[in-house]
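Per-entry structural report
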Amino acid sequence: MKYLRAVLLLALAMSASAVPLTDRKSGASSEDALAPAIAGRANDGLVVWCESNTKRMRAVLVSADGVALGDSFVIGPTPRPTVPTVATDGRDFLVAWVIDGRLTVAYVAEGARVENISSTNDSAFDVKLAWSGTDYLLLLRSATEARVALLDRRGNVVRTQVVATSAQAVASIALASTTPNVTAFWVDASDNQVHALDVSPARIRSGELQPAAPAQVQPNGGNIIGPVVAVAGANGYLVVWTDAATSVDSGMKLSFRALTPGGLPLGSRKQVTIDVADREPVVYWNGTNYAVLYSVQRESVWAVMGMAITSNGEVLDGGPRQLAVLPQMHRAEAAAKIGTNAVLALQTFRTAAPSSVAEVLTLVVTPAPSIDEHARGTIVSRAMPAEDQPSAVWTGDDWVATWRQRRNSGRVMVGRIAFDGTRTDPQGIEIDPLRPDENAQIDPMIATSGTEAFVVWTDTANLSDGIIRGALIENTRSGTLEPVAISISFDATANSAPAVVWDGQEYLVAWTNKNGQIVAVRVNRVGRMIDPFPVALTETPPSPEAFVHPLLASRNDEILLVWQRRVVSPTSLSNVILAPPELVSELWAQHYDRSLFPIASRIQITGHAADRGDDTTGASVVAGPDGYMIAFNLKQQSVGTTLVAFLLSDFGRTVPLIGGVGNEPTSLTWDGQHYLLAQGKQVLTLAPSDAKILNRIVALPEGRTANSIAAGGLAPLLLTTAVDSDALSFAEGFLLTAPRRRPR
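Residues numbered from 1 in each chain as written. Predicted model: local features only at pLDDT ≥ 70, side-chain atom pairs only at ≥ 80, totals over all residues. Heavy atoms only, no water.

A count of helices and strands for the chain gives 1 helix and 58 strands. Counting the 744 residues in the chain, one finds 58% classified as buried. Summarising the internal contacts of the chain: among those between residues at least 6 apart in sequence, 48% fall at separations of at least 24. As presented, the chain carries roughly 29,400 Å² of accessible surface, and 51% of it is formed by carbon and sulfur atoms. (Helix = DSSP H or I, 4+ residues; strand = E, 2+ residues; numbered from the N terminus. Buried < 20%, exposed > 50% of the residue type's maximum accessible area, 1.4 Å probe, protein only. Contact = heavy atoms within 4.5 Å. Areas by Shrake-Rupley, 256 points an atom, 1.4 Å probe, with all protein chains shown as cover.)

This brings us to the sheet that holds strand 14 (residues 157-165). A sheet is described by the order of its strands in space; here 4 strands give the open sequence 11-12-13-14, paired in antiparallel fashion. Each edge of the open sheet carries a strand with a single partner, namely strand 11 (126-131) and strand 14. Within this sheet the neighbouring strands show an average axis-to-axis angle of 20 degrees, counted without direction. In this sheet, strand 13 (residues 145-151) lies alongside strand 12 (residues 136-141) in antiparallel orientation, the contact comprising 6 bridges. In the sheet register, Leu140 faces strand 13, and the bridge partner there is Arg147. (Pairing = 2+ DSSP bridges. Axes fitted to C-alpha atoms, helices over the stretch in contact; angles between N-to-C directions.)

Let's shift gears to the nonpolar core. Core analysis: the largest hydrophobic core is formed by 23 residues, its most contacted members being Leu238 and Val292. When contributions to this core are tallied by element, the ones reaching two or more residues are strand 19 (224-232), strand 20 (237-243), strand 21 (252-259), strand 22 (265-274), strand 23 (282-285), strand 24 (290-298) and strand 25 (301-309). Once you skip the residues sitting within four places of it in the chain, Val292 turns out to touch Leu238, Val240, Leu254, Pro281, Val282, Val283, Met305, Gly306, Met307 and Ile309. Ranked by size, the runner-up nonpolar core spans 18 residues in total, among them Leu560, Val562, Val621 and Val644. (Core = buried A, V, L, I, M, F, W, Y, C linked by side-chain atoms within 4.5 Å.)

Taking strand neighbours across the sheet as the criterion, the 4 strands line up as 3-4-5-6 in an open arrangement whose pairing is antiparallel. The open sheet has two free edges, formed respectively by strand 3 (33-40) and strand 6 (73-77), since each of these has just one partner strand. Averaged over all adjacent pairs, the angle separating strand axes in this sheet is 25 degrees, with direction ignored. Across 4 bridges, strand 5 (residues 56-63) lies against strand 6 in antiparallel orientation. The partner of Arg58 across the bridge, within strand 6, is Val74.

Counted residue by residue, strand 21 has 7 buried out of 8 residues, so it is predominantly covered. Looking at chain direction, strand 20 and strand 21 are connected through 7 bridges and run antiparallel. Residue Val239 lies in a different strand from strand 21, and its bridge partner there is Arg257. Connecting strand 21 to the next strand, strand 22, in antiparallel fashion are 5 residues, including Gly263 with a positive phi near 90 degrees.

Let us look at unusual backbone geometry. The step from Thr179 to Pro180 runs through a cis peptide bond, and the omega angle for that step is 10 degrees. Residue Asp443 is not a glycine yet carries a positive backbone phi of 55 degrees. You can see Asp443 is positioned in strand 35 (residues 440-448). The backbone of Asn556 sits at a positive phi, close to 55 degrees, despite the residue not being glycine. In this fold, Asn556 is placed in the loop between strand 43 (546-555) and strand 44 (558-568).

Okay, the pattern of salt bridges next. Per the stated rule, a full pass over the model turns up 20 salt bridges. We note a salt bridge from Asp388 to Arg404, for which the minimum N-O separation is 2.9 Å. Taken together, the residues span a long stretch of sequence, with Asp388 in strand 31 (residues 386-394) and Arg404 in strand 32 (residues 398-406) at a distance of 16 residues. Per residue, the accessibility class of Asp388 equals that of Arg404, and both read buried. The closest approach of N and O atoms between Arg704 and Glu732, which form a salt bridge, is 2.6 Å. Remark: Glu732 occurs in strand 58 (residues 729-737) and Arg704 occurs in the loop between strand 55 (693-697) and strand 56 (705-710); sequence separation between them is 28 residues. For the residue pair Arg704 and Glu732, the accessibility class agrees, reading buried in each case. Salt bridges sharing common partners tie together Glu51, Arg56 and Arg58. (Salt bridge = Lys/Arg side-chain N within 4 Å of Asp/Glu carboxyl O.)

Here we take up the environment of Ala520. Here Ala520 shows up in strand 41 (residues 518-523). Given the relative accessible area of 0%, Ala520 is considered buried. Separated by 14 residues in sequence, Ala520 and Pro534 have C-alpha atoms that sit 5.2 Å apart. Excluding its chain neighbours within four sequence positions, the residues that come into contact with Ala520 are Leu508, Val509, Ala510, Trp511, Pro534, Val535, Leu537 and Leu596.

Now the structure itself:
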């Protein structure tokens, strides 16, 4: 991607040149990495996943710290996404998966050299592998049957025998080995029971294996959802499955039972209630106890939950508790003991609109009976980061841009762009590099005094709490950027999106606190907070109202706060008993002086009609010479969603509809002569007096979507996000310059 390239826009009075904010990482793979499996040796392990876009099975060696040891390598082909399984004899690895219903096995020697790939005519939907100490065992599931295959070290099938048949279906299978015993587990859809049977190599060779009388791990029935999972411990097994809630209030149940080496029940079945959970728990033996891991989601943050269980099937430490936080969707897939640690393989989903790209993440868990609460994660699939939420300010000689770089967590980045579009910091600079990787940085906003810049963002340290952080960006005109980060407030939620503006003397930072109030503090030009405590700008809202997404603008000696007030839609009040009420956003505004004292009365911009459920989204505000311009999307029951410009002036206010379909975020700037409004696929030039449209760019290049716009230098800078050929979002800037006239 070139640093600067000319792009012709479909416009009468503007052209544009592109400024990529960051470089793509060379040699990285951006393919979907799905369904990882892992097997561990004494000092390392092999993580295997399906790379769906290239239709390949890929693997990489990882250390006991979960870090990739060298580059990943291709094991073999897979025409469509599939779930692999992997096992080790302590020296080499065996990998198995299903291609078009047929079994495929690969022998991986010395950890990273594929020496043998064999396919059989055995039809299967699912496969599981285990090492018995002398042989590999492979359990296969077809529609109504489960079979076990005895394999040699290189993956060649020696003998196959039926384990179970079902009148309806074999719903799930698992396989675990205590050396030399191997036990197969499955769910029979006919009785909805978890069954177990000893399938040790000696029994298969002697012909003693009979599918007639398996042990019932779950004798009390139930409604099993998700797969059955099993793992071998020191002297037996633990088998785990998920039971659906029996009533609305009872919650889902994680059921488990300890078994003897022969697969017979040891003690009674136990259950633990879990909240909204991934229905595929991961189980491993840490050398002392069993550990059960699963994923949960609370609002926009995902966490790995963990629970320790004794070899006799008793819960330790009072049940599940939080192990680690990842601020994006993920699913715990498999775990293996490597050295003294256990390494958990997760599949993560990076939500790079309009599509998602999955990555493989490893998470290290220490061998202590209590699961480590400070586990760290490492990405091993090498997918590239996505970029979004860009914005910029003009500091006199150049722009300072900020954006979010997303992978398993968010990182706020900054960089300078000269007035001619060249980048001073082409790789981008981490604004808060000392923060732990699990602390996601989201919703960056930037303001400038005209010399330095100040960036604020939300740091999501856990599932519900947020920290408002900020960083002063000095040396904007020369030298190396060295951001100095500070904590502004711990009284914020994980979805508090802060706003910042320069009021002529200090920076003002506003956000929503945990009580639902919009609060603010002032920060001086050296990064020191002036207010010892946040100043409340709005009162605590009564439930179910909430104040969200504050916006700030400043001119002369005043500050304008614009916010969205969440209220119950009048149109849903009659249905409040039958369904949860619908919340809509009203738009309000309030003037303040520099001491944060309110001036005049509040202004209600939308939501006037008591019998309408109008909803306001995507608002933005900017100061102009005679007042303020506010743009937003207004959803009306009879009209639909339209783009609206609201001119709040010193001489009254008007509310002209400027037309066009809404639904996209808006961004405004004042270029010294006109208002510029970026929204969706268009950029509008609006007259300062009446918001009349003077020019409209209706087609941004290559499918880009406008995020923000800033005036400065010889031309405004339009910041966009787009999706490249690898379905990853990236941020880019466009200089909007007046076209040169052709000579006559």
